[in-house]
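Each chain, letter by letter, is given below.
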Protein chains: 2
Amino acid sequence: MNKEIVLKNKIKEIRSSKNISQESLAKLVATTRQTIIAIEKGQFNPSAKLALLICIALDCKFEEIFWLE
Amino acid sequence: MNKEIVLKNKIKEIRSSKNISQESLAKLVATTRQTIIAIEKGQFNPSAKLALLICIALDCKFEEIFWLE
DNA sequence: TATGATTGTAAAGTAAACTTTACATTTTAT
DNA sequence: ATAAAATGTAAAGTTTACTTTACAATCATA
């Protein structure tokens with residue numbers, strides 16, 4: 001896949017603004033804290049399913065959280 | 001990850017309605033036709049990056065194409 | 001009928017997402 | 001200051017997305 005285009009996100013900002021910890025977000029979307037950390041840091045590119053679960057947990061539309069650069 | 005929840009999509013319907021072939025969609029998003037086929041059939045769960053590229057190529061918002069069931 | 005374009009299927013290999021565990025560091029509240 | 005909560009980092013293992021190649025089947029058009 002195109003390596004020049006990178007998926008960015010503002011999960012950390014939105015999560016913090018709602019006072020949700022990494023651990024509770026992880027539980028909300030049935031994954032682990034490690035996965036949340038890695039996604040927040042851009043260390044990896046989540047699956048669309050997990051990304052959508054995160055959007056729902058954070059009560060945002062997909063494009064409000066994720067974008068391409 | 002939660003195996004009871006499944007990511008669904010209507011890529012095939014939207015793609016067809018715009019007269020875009022699997023191959024040209026694949027080229028638009030810099031992937032292969034095999035990947036498009038597998039995603040359309042629900043055989044796998046695309047990355048959020050690829051999913052967003054597809055949304056842009058099809059000129060739709062994420063939630064217009066992808067949802068959870 | 002024939003030819004090209006589109007789609008379906010399959011299989012092997014690679015890359016990366018995700019899990020699990022463990023421990024260290026920082027922040028917050030008492 | 002101290003304890004608890006939250007966050008950072010790391011590493012090994014498993015699962016799955018994604019690539020590449022190849023060939024068959026369907027459909028539209030000349």
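Nothing here was measured: the structure is a model prediction, and the numbers come from that model.

A. Expanded view of the overall build of chain A. Scanning chain A from N- to C-terminus turns up five helices and two strands. In sequence order, the secondary structure elements of chain A are arranged as β-α-α-α-α-α-β. Whereas a compact globule of 69 residues would reach a radius of gyration of roughly 11 Å, chain A reaches 11 Å, a difference of no more than 12%. Taken along the three principal axes of its C-alpha coordinates, chain A extends 35 × 20 × 20 Å. Counting across all 69 residues of chain A, residues that qualify as buried make up 42%. For chain A, the computed accessible surface area is about 3900 Å², with 50% contributed by carbon and sulfur atoms.

B. A look at the relation of the copies chain B and chain A. Each copy superposes on the other: chain B lies on chain A with an RMSD of 0.0 Å after a rotation of 180 degrees and an axial shift of 0.0 Å. What the superposition gives is, in effect, a two-fold axis relating one chain to the other. Interface overlap between copies: 100% of the residues of chain B at the interface are likewise at the interface in chain A, consistent with a symmetric, same-surface contact.

C. Representation of the interface of chain B and chain A within the structure. Taken residue by residue, the interface counts 23 residues in chain B and 23 residues in chain A. Counting each side, the surface lost to burial between chain B and chain A is near 2000 Å², with a carbon and sulfur contribution of 72%. Remark: the boundary between chain B and chain A carries zero salt bridges. Looking at the side of chain B that touches chain A, the elements that each hand over two or more residues are α4 (48-57), α5 (62-65) and β2 (66-68) of chain B. Residues belonging to the side of chain B that touches chain A are distributed by class as follows: 16 nonpolar, three polar and four charged.

D. Spotlight on the pattern of salt bridges. Residue and element names in this part refer to chain A. A complete count under the given rule lists four salt bridges over all chains for this structure. A salt bridge links E69 to K8; the shortest N-O distance between them is 3.6 Å. Remark: K8 occurs in strand β1 (residues 7-9) and E69 occurs in the segment after β2 (66-68); sequence separation between them is 61 residues. Residue classification places K8 among the partly exposed residues on the basis of a relative accessible area of 35%. The partner of R15 in a salt bridge is E40, with the nearest N and O atoms 2.5 Å apart. Pair noted here: R15 is in helix α1 (residues 11-17) and E40 is in helix α3 (residues 33-40), with a separation of 25 residues, a long-range link.

E. Examining the side chain of E40 of chain B more closely. Residues and elements named next belong to chain B. Classification of E40 as buried rests on a relative accessible area of 14%. One polar contact links E40 to Q22, side chain to side chain, over a distance of 3.4 Å. Ignoring anything within four residues of it in the chain, the contact list for E40 reads N9, I11, K12, R15 and Q22.

Cut-off values and rules
- Residues numbered from 1 in each chain as written.
- Chains lettered and ligands numbered in written order.
- Predicted model: local features only at pLDDT ≥ 70, side-chain atom pairs only at ≥ 80, totals over all residues.
- Heavy atoms only, no water.
- Helix = DSSP H or I, 4+ residues; strand = E, 2+ residues; numbered from the N terminus.
- Rg over C-alpha atoms; globule rule 2.2 N^0.38 Å.
- Buried < 20%, exposed > 50% of the residue type's maximum accessible area, 1.4 Å probe, protein only.
- Areas by Shrake-Rupley, 256 points an atom, 1.4 Å probe, with all protein chains shown as cover.
- Least-squares fit on C-alpha atoms with pLDDT ≥ 70 in both.
- Contact = heavy atoms within 4.5 Å.
- Buried area = accessible area lost by both parts, 1.4 Å probe.
- Salt bridge = Lys/Arg side-chain N within 4 Å of Asp/Glu carboxyl O.
- Nonpolar A, V, L, I, M, F, W, Y, C, P; charged D, E, K, R; others polar.
- Polar contact = N/O pair within 3.5 Å; in protein donor to acceptor, adjacent residues only side chain to side chain.

What is shown is where atoms sit, not what they do.
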